[in-house]
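Structural overview for review
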Amino acid sequence: MRVVTMMDTLYEWFWWDRVWLPVNLTWADLEDRDGRVYAKASHLYVTFPYAIAFLLVRYLFEWLIGTPLAASAGIQEKGRQRVAHNPILELYYLSHSRTPGQADINGLSKKSGWSVRQVERWFRKKRNQDRPSVVKKFREASWRFVFYLLAFSGGLVALHDKEWFYDMREVWNGFPKQSMLESQYWYYILEMSFYGSLLFSVTFDVKRKDFKEQIIHHLATLILLSFSWCVNYIRIGTLVMLVHDASDVLLESAKLFNYAKWTKTCNSLFVVFAIVFLVTRLIIFPFWLIHCTWVYPTLQYPPFFGYYFFNMMLVVLQFLHIFWAYLILRMVKKFLFGNMTRDERSDGEEEEDDDEGSSLSEEEKEDSGHCFTNGSGVRTKEANNGCFTHLSFSANVCQTKTVY
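In this report, we go over the structure that sits alongside the text. (Residues numbered from 1 in each chain as written. Predicted model: local features only at pLDDT ≥ 70, side-chain atom pairs only at ≥ 80, totals over all residues. Heavy atoms only, no water.)

1. Regarding the overall build of the protein
Stated formally: For the purposes of this entry, the term helix denotes a DSSP run of H or I that reaches at least four residues, the term strand denotes a run of E that reaches at least two, and both are numbered from the N terminus. Buried, partly exposed and exposed residues are distinguished by accessible area as a fraction of the type maximum, computed with a 1.4 Å probe on protein chains only: under 20%, between the cut-offs, and over 50%, respectively. Shrake-Rupley sampling with a 1.4 Å probe provides the accessible areas, and residues are treated as covered by the protein chains on show and by no other component.
For the protein, the helix and strand inventory stands at 13 helices and two strands. Counting every position in the protein, which comprises 404 residues, the buried fraction comes to 50%. When the accessible area of the protein is evaluated, it comes to approximately 19700 Å², of which 64% is carbon and sulfur surface.

2. Overview of the nonpolar core
Cut-off, in case you're wondering: In plain words, nonpolar cores are sets of buried Ala, Val, Leu, Ile, Met, Phe, Trp, Tyr and Cys residues tied together by side-chain atoms within 4.5 Å. Contacts were defined at the residue level, with two residues in contact if any of their heavy atoms lie within 4.5 Å.
By size, the foremost hydrophobic cluster in this structure holds 72 residues, and its most contacted members are Trp172, Phe194, Trp229, Tyr233, Ile236, Leu239 and Leu289. Contributing elements (two or more residues each) for this core: α2 (17-20), α3 (47-72), α7 (134-159), α8 (182-200), α9 (211-230), α10 (234-259), α11 (263-294) and α12 (305-336). Setting aside chain neighbours within four positions, we find tryptophan 172 in contact with Gln178, Tyr233, Cys292, Thr293, Tyr296, Pro297, Gln300 and Tyr301.

3. Observations concerning the environment of arginine 131
Looking at where arginine 131 falls in the secondary structure, it is placed in the loop between α6 (116-130) and α7. For arginine 131, a relative accessible area of 10% translates into the label buried. Between the C-alpha atom of arginine 131 and that of valine 206, which follows or precedes it by 75 residues, the distance is 8.5 Å.

4. Re the environment of glutamine 102
Relative to the helices and strands, glutamine 102 resides in helix α5 (residues 102-112). Given the relative accessible area of 43%, glutamine 102 is considered partly exposed. Each C-alpha atom of the pair glutamine 102 and valine 116 lies 9.0 Å from the other, and the pair is 14 residues apart in sequence. Sequence-distant contacts of glutamine 102, that is, excluding residues within four places in its chain, are made with Val116 and Glu120.

5. Considering the side chain of glutamine 184
Secondary-structure assignment places glutamine 184 in helix α8. On the basis of relative accessible area, glutamine 184 is assigned to the buried category, the value being 5%. Residues contacting glutamine 184, with those up to four places away along its chain left out, are Trp164, Ser179, Trp229, Ile234, Arg235 and Thr238.

6. Describing the packing of aromatic side chains
Selection criterion: Working definition: a ring pair exists when centres of Phe, Tyr or Trp rings (six-membered ring for Trp) sit within 6.5 Å. Plane angles under 30 degrees give stacked, over 60 give edge-to-face, the rest tilted.
Summed over all chains, the structure comprises 40 aromatic pairs. The interplanar angle of 35 degrees and the centroid separation of 5.8 Å between the aromatic rings of phenylalanine 175 and tyrosine 301 together place this pair among those described as tilted. You can see phenylalanine 175 sitting in the loop between α7 and α8 and its partner tyrosine 301 sitting in the loop between α11 and α12, a full 126 residues away along the chain. With respect to class, phenylalanine 175 is no different from tyrosine 301; both count as buried. With a centroid separation of 6.3 Å and an interplanar angle of 90 degrees, the aromatic rings of phenylalanine 227 and tyrosine 233 are classed as edge-to-face. For the pair phenylalanine 227 and tyrosine 233, a shared accessibility class is recorded, and that class is buried.

7. A look at a nonpolar patch on the surface
The cut-off we apply is this: Like-charged residues within 9 Å of one another, or nonpolar side chains (Val, Leu, Ile, Met, Phe, Trp, Tyr) within 5 Å, are grouped into patches, provided each residue has over 30% relative accessible area and no salt bridge. Basic side-chain nitrogens of Lys or Arg form a salt bridge, by our definition, when they fall within 4 Å of a carboxyl oxygen of Asp or Glu.
Side chains of Leu56, Tyr59, Leu60, Trp63, Leu64, Ile65 and Leu69 sit close together on the surface and give an oily, nonpolar patch of about 740 Å² of accessible area. Mapping tryptophan 63 onto the fold places it in helix α3.

8. Observations concerning α9
Note the following rule: To estimate the expected span of a helix, count its residues, drop one, and scale the result by 1.5 Å.
With 20 residues, α9 extends 29 Å between its outermost C-alpha atoms, agreeing within 8% with the 28 Å of an ideal straight helix rising 1.5 Å per residue. Taken together, the buried positions of α9 are occupied by Gln214, His217, His218, Ala220, Thr221, Leu222, Leu224, Leu225, Phe227, Ser228, Trp229 and Cys230. Downstream of α9 by one or two residues, asparagine 232 has phi in the positive range, about 65 degrees.

9. So, unusual backbone geometry
In this chain, phenylalanine 175 is followed by proline 176 through a cis amide linkage whose omega measures 0 degrees. On the secondary structure map, proline 176 appears in the loop between α7 and α8. Unlike most non-glycine residues, asparagine 232 shows phi in positive territory, near 65 degrees. For asparagine 232, the position within the fold is in the loop between α9 and α10. According to the relative accessible area criterion, asparagine 232 is buried, its value standing at 3%. Not every positive phi belongs to a glycine, and lysine 261 is a case in point at roughly 65 degrees. Relative to the elements of secondary structure, lysine 261 occurs in the loop between α10 and α11.

10. Brief notes about the environment of glutamate 77
Position of glutamate 77 among the secondary structure elements: in the loop between α3 and α4 (87-95). On a C-alpha basis, the gap between glutamate 77 and valine 135 in space is 6.3 Å, while along the polypeptide they are 58 residues apart.

11. Description of the pattern of salt bridges
Taken as a whole and judged by the stated rule, the model has nine salt bridges. Of the charged contacts in the structure, one is a salt bridge between lysine 40 and aspartate 32, with a shortest N-O distance of 2.8 Å. Salt-bridge contacts for arginine 58 lead to glutamate 62; the nearest nitrogen and oxygen are separated by 2.8 Å. Within this pair, arginine 58 and its partner glutamate 62 are both found in helix α3, separated by four residues, close to a single helical turn. Among the residues examined, glutamate 62 registers a relative accessible area of 13% and is labelled buried. Because the salt bridges share partners, they merge into one network encompassing Arg58, Glu62, Lys136, Glu140, Arg144, Glu252 and Lys255.

12. Looking at the packing of α8 against α10
The condition that has to hold: Axes here mean lines fitted to C-alpha atoms, for a helix over just the part in contact, with angles spanning 0 to 180 degrees between N-to-C directions. For classification purposes, angles smaller than 35 degrees are called roughly parallel, those larger than 145 roughly antiparallel, those between 65 and 115 roughly perpendicular, and all remaining angles oblique. Each crossing gets its handedness from the near helix: less than a right angle anticlockwise from the far helix is left-handed, clockwise is right-handed. Lys, Arg, Asp and Glu make up the charged group, whereas Ala, Val, Leu, Ile, Met, Phe, Trp, Tyr, Cys and Pro make up the nonpolar group; the residues left over, Gly among them, are polar.
Packing of α8 against α10 leaves a shortest axis separation of 11 Å and a crossing angle of 55 degrees. Of the possible angle classes, the one that applies to α8 and α10 is oblique. Crossing of α8 against α10: the hand is left-handed. Counted together, Gln184, Tyr187, Tyr188, Glu191 and Tyr195 of α8 and Ile234, Arg235, Gly237, Thr238, Met241, Leu242, Asp245 and Asp248 of α10 form the full contact between these two elements. Residue composition of the contact of α8 with α10, by class: six nonpolar, three polar and four charged.

Keep in mind these numbers describe shape, not what the thing actually does.
This is the structure we're talking about:
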């Protein structure tokens, strides 16, 4: 009985009007009436089964469309040399580190009876063996490209005739008593379900260097979408999603052409992507959208906890945008000065040793190269292999989403 009472108390505190809504407003003001329909927290339960459905659709898409599409683009699975069985090295690899330091290598050499060079070579080959194939990366990128393209197109269709698409002040006109449209409902539900599916699939997706930032981005996205849904911040939420989807479409398409080794197309798409990303996430997002949520609401009601919370989460996303923009600009700098060797966001490239000397493995050659040249008209073999092997922004970002 005491536990039930405690849960009821926590529930009441969590949904306290003063936390979520401006002063003089209560949840009763957001009850459906007079033909107006408002978003409710209970609507979000459907995103869980929809996220599972997205995983199923993704599996079928990658199997029935992604794999044949990769084959038609000339991308094939490449055989990889299997490492020799060594229980001592495998135990360390699985339980300690994939990249042991020199002191650990020396210790493992003594324990296994192998030379230091043999141990180093074993770990390099093992890392190469476990790296995801280009076909897997192509399938993932094709799935995200299709979703972002449909989401961005659907967002444009849903928003192009709305007043707040052109005038930021209209976002708050009549707030919070703004009736929810059917297009807004599906835009939100599908975006949230998609990002939920990304979180569910994180354990078997290709892992990037910015893995932690991606997790933060996806969580912030879901928190922001859920919060904005509950307090009827839906108008600004749809604008933020649309702004983020714009660059995500270009990123995933650039990856596809990179994997297919369409160098010139990859070059062009990267330039467009970089411009769109910097404009949407470093200009439009902070100076239009965050300004809209930070300044205009205070003209209608005093700030409250939800106001500060929402803006704080937007600022978190902005810091992630700055982090990714920094990596993009580093790539552009290396491209301009002719010393581009690998993607700033990629995993470290491995060198594969054999008895005749050191050379990159076939898989690594595809990942280490970039589709940019330094303007001299000279291309190396690696330079023809593309620039987006490990890129994965949102959210997007974005994953992102990202999207938020």
